[in-house]
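Residues per chain are reported as follows:
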Amino acid sequence: QVQLVESGGGLVQPGGSLRLSCAASGFIFSSYVMSWYRQAPGKQRELVAAITPTSGDTNYEDSVKGRFTISRDNAKNTVALQMNNLKPEDTAVYYCKAMSARLVTYWGQGTQVTVSS
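Residues numbered from 1 in each chain as written. Predicted model: local features only at pLDDT ≥ 70, side-chain atom pairs only at ≥ 80, totals over all residues. Heavy atoms only, no water.

**Details of the overall build of the protein chain**
Short version of the rule: Each helix is a run of H or I in the DSSP string that is no shorter than four residues. Each strand is a run of E no shorter than two, and both are numbered from the N terminus. Each radius of gyration reported is based on C-alpha atoms, and the globular scaling rule is 2.2 Å times the count of residues to the power 0.38. Only protein chains enter the accessibility calculation, which uses a 1.4 Å probe; a residue is then buried when its area is under 20% of its type maximum, exposed when over 50%, and partly exposed in between. Note on contacts: a residue pair qualifies if any of its non-hydrogen atoms lie within 4.5 Å across the two residues. Residue burial considers only the protein chains on display, and all accessible areas are found by Shrake-Rupley using a 1.4 Å probe. Residues scored as positive are Lys and Arg, those scored as negative are Asp and Glu, and His as well as the terminal groups of each chain are ignored. By convention, charge coordinates are those of NZ in Lys, CZ in Arg, CG in Asp, or CD in Glu.
What the protein chain contains, in helices and strands, is zero helices and eleven strands. Computed over its C-alpha atoms, the radius of gyration of the protein chain comes to 14 Å, within 12% of the 13 Å expected for a compact globule of 117 residues. Counting only C-alpha atoms and orienting by the principal axes, one finds that the protein chain spans roughly 40 × 25 × 25 Å. For the protein chain, buried positions account for 38% of its 117 residues. Within the protein chain, contacts between residues separated by at least 24 positions form 53% of all contacts whose residues are at least 6 apart in sequence. Summed over its atoms, the accessible surface of the protein chain is roughly 6200 Å², and 48% of this surface lies on carbon and sulfur atoms. Taking the average location of the 11 positive side-chain charges in the protein chain and that of its 8 negative ones, the two points are 4 Å from each other.

Shape descriptors only; they carry no functional weight alone.
What follows is the structure, given as structure tokens:
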């Protein structure tokens, strides 16, 4: 069965760092665009970062550029989001997403990131 299992979320102080990880199984990971989305209370879900299947091209939401880095390891079927210099406005549920060229889409369960002093 298809699984996207996330880890690394939690509570962190402003200016701190977290590394989210998503472990995938049950599909051909190297054929899928991987991305991270987030959704804060009362707001729409938004794309945070994306990375292409094999070339490793990346795209970031403007507010996280220079602070967040998305990466993938196709040998381990994992995608990560390194988050540095975290701000309270980064507080949200973060979701791992996989999408194929044919638009087959899978979502992780979501993990809470809270940035607060």
